[in-house]
Amino acid sequence: EIGDGAPWDPLGFSKLYDRNFDFNNVMVYPHVQWLRESELKHGRVCMLAFVGMIVQSACQIPGLPQEPNWSKTLETMLFESGQVGQLSLIQVAIFTMFAEGRFYPEDAWIGQMKREPGDLGFDPLKWSKRPG
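Residues numbered from 1 in each chain as written. Predicted model: local features only at pLDDT ≥ 70, side-chain atom pairs only at ≥ 80, totals over all residues. Heavy atoms only, no water.

### Considering the layout of surface pockets
The calculated volume of the largest pocket comes to roughly 1,800 Å³. Around the largest pocket, the lining is made up of 41 residues, and of these Val45, Leu48, Ala49, Val92 and Phe95 lie nearest the centre. Those elements giving two or more residues to the lining of the largest pocket turn out to be helix 1 (32-58), helix 2 (73-80) and helix 3 (83-102). Sort the elements by how many residues they give to the lining of the largest pocket and helix 1 lands first, with 10 residues. Class assignment of the residues belonging to the lining of the largest pocket gives a composition of 22 nonpolar, 11 polar and 8 charged. (1 Å grid on protein atoms, 1.4 Å probe; cavity = no way out; pocket = protein on both sides within 12 Å on 5 of 7 lines; lining within 4 Å. Points joined across faces, edges and corners; volume = space filled by probe spheres on them. Helix = DSSP H or I, 4+ residues; strand = E, 2+ residues; numbered from the N terminus. Nonpolar A, V, L, I, M, F, W, Y, C, P; charged D, E, K, R; others polar.)

Structure below.
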């Protein structure tokens, strides 16, 4: 947001919600709340993926397939490592399903989400600036 409280939106995406329903009353465009939530979530996932690429090129977990080249890791896990690599990928997929289900932005598409976009309630170091 810029000084006057309006969102910085040079292309006008925040105004799409005002023209949201098509002829049979089906919602077409998401609310700005949903766009902010998805942008923050995808940005966090990308940052974690980048850190994972850098760390796994320097150190690997003993017992799992060793592949320091990040571009060949998925191929090694699926085809060359046998059941250990495949079970590791299944574990990651199950964790992702639980995380997505727990923090799903229910009413963000219509702008009635009960929390601020990006606020998942996880702050173990108490860095948020909430009063009280």
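Now, onward.
### Observations concerning the environment of Arg36
Inspection of the secondary structure puts Arg36 in helix 1. Residues Arg36 and Pro117 lie 81 residues apart in sequence; the distance between their C-alpha atoms is 6.0 Å.

### Thoughts on the confidence of the model for the protein
Per-residue confidence for the protein gives a mean pLDDT of 76, with 78% of residues at or over 70. Within the protein, helix 2 has the poorest average pLDDT of any element, 74, and helix 1 the best, 85. (pLDDT = per-residue confidence, 0-100.)

### Some details on helix 1
For an α-helix, the turn length of 3.6 residues means that residues three or four places apart are oriented alike. Its 27 residues place the ends of helix 1 40 Å apart at the C-alpha level, agreeing with the 39 Å of an ideal helix rising 1.5 Å per residue. If you check which residues of helix 1 are buried, you get Val32, Gln33, Glu37, Ser38 and Gln56. Against the buried residues of helix 1 lie helix 2. (Expected span 1.5 Å × (residues − 1). Buried < 20%, exposed > 50% of the residue type's maximum accessible area, 1.4 Å probe, protein only. Contact = heavy atoms within 4.5 Å.)

### A few points about the side chain of Glu37
In this fold, Glu37 is placed in helix 1. What makes Glu37 buried here is its relative accessible area of 3%. A distance of 3.2 Å separates a polar atom in the side chain of Glu37 from a polar atom in the side chain of Arg115. Those residues in contact with Glu37 that sit more than four places away from it in its chain are Phe103, Pro105, Met113, Arg115, Glu116, Pro117, Gly118 and Leu120. (Polar contact = N/O pair within 3.5 Å; in protein donor to acceptor, adjacent residues only side chain to side chain.)

### Considerations on the packing of helix 2 against helix 3
As a packed pair, helix 2 and helix 3 sit with axes 6 Å apart at the nearest point and diverge in direction by 120 degrees. Taken together, helix 2 and helix 3 sit at an angle that is classed as oblique. Contacts between helix 2 and helix 3 involve Leu74, Met77 and Leu78 on the former and, on the latter, Gly85, Gln86, Ser88 and Leu89. Of the residues contributing to the contact of helix 2 with helix 3, the split by class is 4 nonpolar, 3 polar and no charged. (Axes fitted to C-alpha atoms, helices over the stretch in contact; angles between N-to-C directions. Parallel < 35°, antiparallel > 145°, perpendicular 65-115°, else oblique.)

### Things to note about the pattern of salt bridges
Inspection of every chain in the model, using the stated rule, returns 1 salt bridge. Put simply, Arg115 and Glu37 hold a salt bridge, and the shortest N to O gap is 3.2 Å. Taken together, the residues Arg115 in the segment after helix 3 and Glu37 in helix 1 connect sequence positions 78 residues apart. (Salt bridge = Lys/Arg side-chain N within 4 Å of Asp/Glu carboxyl O.)

### Structural notes on the environment of Tyr29
Position of Tyr29 relative to the elements: it lies in the segment before helix 1. Residue classification places Tyr29 among the partly exposed residues on the basis of a relative accessible area of 33%. Counting along the chain gives 80 residues from Tyr29 to Trp109, while the straight-line C-alpha distance between them is 8.1 Å.

### Some thoughts on a nonpolar patch on the surface
The grouping of Leu87, Ile90, Ile94, Met97 and Phe98 at the surface amounts to a nonpolar patch, some 550 Å² of accessible area in total. Looking at the element boundaries, Leu87 is found in helix 3. (Patch = residues over 30% accessible without salt bridge, like charges linked within 9 Å, V, L, I, M, F, W, Y side chains within 5 Å. Areas by Shrake-Rupley, 256 points an atom, 1.4 Å probe, with all protein chains shown as cover.)

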